[in-house]
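For reference, the chains in residue letters:
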Amino acid sequence: MSRLTYRTAFFLALMISLLLNVLFLTMLLYGRNAVIPGEGGPPPHPALSAQPMIMHFVFNFLTAFALYLLNFKLLKTDMQPKLRLALIIISTLAVAMLLSYFFSNVQIYCSDVEPRPKPFIRGGIVRDFFIAVIVLLTSQLMYLSAKQQQTALENKTLLSENMRARYESLKNQVDPHFLFNSLNTLNSLIKIDADKAQEYVQELSYVFRYTLQNRELIPLEEELQFTRAYCHLMKIRYGEGLQLEYCIDERYNDYRIVPLSLQILTENAIKHNVVSQKQPLTITFTTRDDYSITVSNPIRPKKEPEEGEGIGLTNLAERYRLMRQREIIVKRDDGIFEVTIPLIKDW
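Conventions we followed
Residues numbered from 1 in each chain as written. Predicted model: local features only at pLDDT ≥ 70, side-chain atom pairs only at ≥ 80, totals over all residues. Heavy atoms only, no water. Pairing = 2+ DSSP bridges. Helix = DSSP H or I, 4+ residues; strand = E, 2+ residues; numbered from the N terminus. Axes fitted to C-alpha atoms, helices over the stretch in contact; angles between N-to-C directions. Parallel < 35°, antiparallel > 145°, perpendicular 65-115°, else oblique. Left-handed = near helix turned anticlockwise from the far one by under 90°. Contact = heavy atoms within 4.5 Å. Nonpolar A, V, L, I, M, F, W, Y, C, P; charged D, E, K, R; others polar. 1 Å grid on protein atoms, 1.4 Å probe; cavity = no way out; pocket = protein on both sides within 12 Å on 5 of 7 lines; lining within 4 Å. Points joined across faces, edges and corners; volume = space filled by probe spheres on them. Core = buried A, V, L, I, M, F, W, Y, C linked by side-chain atoms within 4.5 Å. Buried < 20%, exposed > 50% of the residue type's maximum accessible area, 1.4 Å probe, protein only. Phe/Tyr/Trp six-rings, centres within 6.5 Å; stacked < 30°, edge-to-face > 60°. Lys NZ or Arg CZ within 6 Å of the ring centre and 35° of its normal.

Novice: So what exactly am I meant to see when it comes to the sheet that holds strand β6 (residues 281-288) here?
Specialist: Each strand in a sheet pairs with another by means of backbone hydrogen bonds, the pair being arranged parallel or else antiparallel. Taken in spatial order, the five strands line up as β4-β6-β7-β9-β8 in an open sheet, and their pairing is mixed. With partners counted over all chains shown, the strands left at the sheet margins are β4 (242-247) and β8 (329-333), one partner each. Neighbour-to-neighbour, the strand axes of the sheet open up by a mean angle of 15°, direction not taken into account. Here strand β7 (residues 292-298) pairs with strand β9 (residues 336-342) via seven bridges, running antiparallel.

Novice: Help me understand the packing of helix α7 (residues 220-238) against helix α8 (residues 261-272) in this model?
Specialist: For any two helices packed against each other, the geometry is given by the interaxial angle and the distance between the axes. Following both chains from N to C, one finds α7 and α8 inclined at 25°, their axes separated by 8 Å at the closest point. Considering the angle they form, α7 stands roughly parallel to α8. Taken as a pair, α7 and α8 cross one another with a handedness that is right-handed. Listed contacts from α8 to Leu220, Glu223, Leu224, Phe226, Thr227, Tyr230, Cys231, Met234 and Tyr238 of α7 are Ser261, Leu262, Gln263, Thr266, Glu267 and Ile270. Counted by class, the contact of α7 with α8 contains nine nonpolar, four polar and two charged residues.

Novice: Would you mind showing me how to read empty space enclosed by the protein here?
Specialist: Rolling a probe over the atoms, with the probe sized like a water molecule, indicates the empty space that remains. Taken as a whole, this structure holds two cavities of 30 Å³ or more when the rule is applied. Within this model, the second largest cavity holds a volume of roughly 40 Å³. As for the second largest cavity, its lining consists of Leu265, Asn268, Ala269, Val295, Asn297, Phe337 and Val339. When residues of the lining of the second largest cavity are traced back to their parent elements, those giving at least two are α8, β7 and β9. It is α8 that contributes the most residues to the lining of the second largest cavity, three residues altogether. A class-by-class count of the residues in the lining of the second largest cavity yields five nonpolar, two polar and no charged.

Novice: Can you walk me through the nonpolar core in this structure?
Specialist: By size, the foremost hydrophobic cluster in this structure holds 45 residues, and its most contacted members are Ile257, Leu262 and Ile341. Counting residues per element, the ones that place at least two in this core are α5 (125-192), α6 (194-211), α7, α8, β6, β7, α9 (312-324) and β9. Dropping the residues within four chain positions of it, Ile341 is found in contact with Ile257, Ser261, Leu262, Leu265, Ser292, Ile293, Leu316, Tyr320 and Ile328. Ala9, Ile16, Ala64 and Leu74 belong to the second largest nonpolar core, which has 21 residues in total.

Novice: What should I look at first to understand the packing of aromatic side chains in this one?
Specialist: Geometry of an aromatic ring pair is reported as the spacing of the ring centres plus the angle between the planes. Tallying each qualifying case throughout the model produces eight aromatic pairs. An angle of 10° between the planes, with centres 5.7 Å apart, marks the rings of Phe61 and Phe65 as stacked. With Phe61 and Phe65 both in helix α3 (residues 50-75) and four residues apart, the pair spans about one turn of that helix. Looking at Phe61, the relative accessible area reads 14%, which means it is buried. When the ring of Tyr68 is compared with that of Phe72, the centres are 5.8 Å apart and the planes differ by 45°; the resulting orientation is tilted. Pair noted here: Tyr68 and Phe72 are both in helix α3, with a separation of four residues, about one helical turn. With relative accessibility at 1%, the residue Tyr68 sits in the buried group. Here the aromatic residues Phe10, Phe11, Phe61 and Phe65 are joined through ring pairs into a cluster of three or more. Stacked on the ring of Tyr246, the Lys or Arg Arg228 has its end atom at 4.3 Å from the ring centre.

So this is what it looks like as structure tokens:
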């Protein structure tokens, strides 16, 4: 417990001593006489001097400081909470009584004049018991507060590690998924056009280098460059059947985005819609004033959708939710399917 330190014990003991001695400080400042009960009645003493007041302060401080150190030491021990609490209470009260007995036998005289007054005795067992109760209560409150903060921090750390693990799991799903689809496309091209297949392999090398990077967020400009490279691969396969439009405001180039976001949405559009020379599929990338980018395409569903694991859009939504607590927006309206992804300002 970082709060249970010597420095904390010192300042808390100092505070208690000041509070308990405020009456004596007031009498000293205003020069009033101190009246302390004795066996024969309350004889007036001379004006209170600094010496007994300082000794009162020192005795109270030492008592409180010793009790705080004892409590802090016991609170850090590794034992059952109930047993530890019982040990703290018994030890604190026992030490308080011993200190009270010791300090109460120290004689302090208010004046050196004759005849000498009766000894000025420190507060005694009642005051030391009161100090012990204050120390017990404040120590327990500090311990519980520190324990609660430590538990909250541990829970936050565990949650963060869990989210990181889930995010990495989702990311690891994307890479094999992308590799599987790319190899399927290459296999189809080899059968149809060997020259295009060779060009496809060359472009694919750049694309795979990009997917191997290990960054949570990347600038939008880099993601767009990768998406253009990926779309070039798709155009090798589909030719003029695939059209791309970019309406990108350059002021958003440095904003961040989850890697492969635009590629996943492009792949999703190609996978679920007819792409042909007669019916070209146009995919549009548009930045918006609400710090987001939208990928849209007309809805022309295939009679027989391509086989796949169906993880793309769901995976992307979950990654944004885990990493940034942000949501992507999916709309189907007037024959247009669009997905809006938030752009993240990380500076």
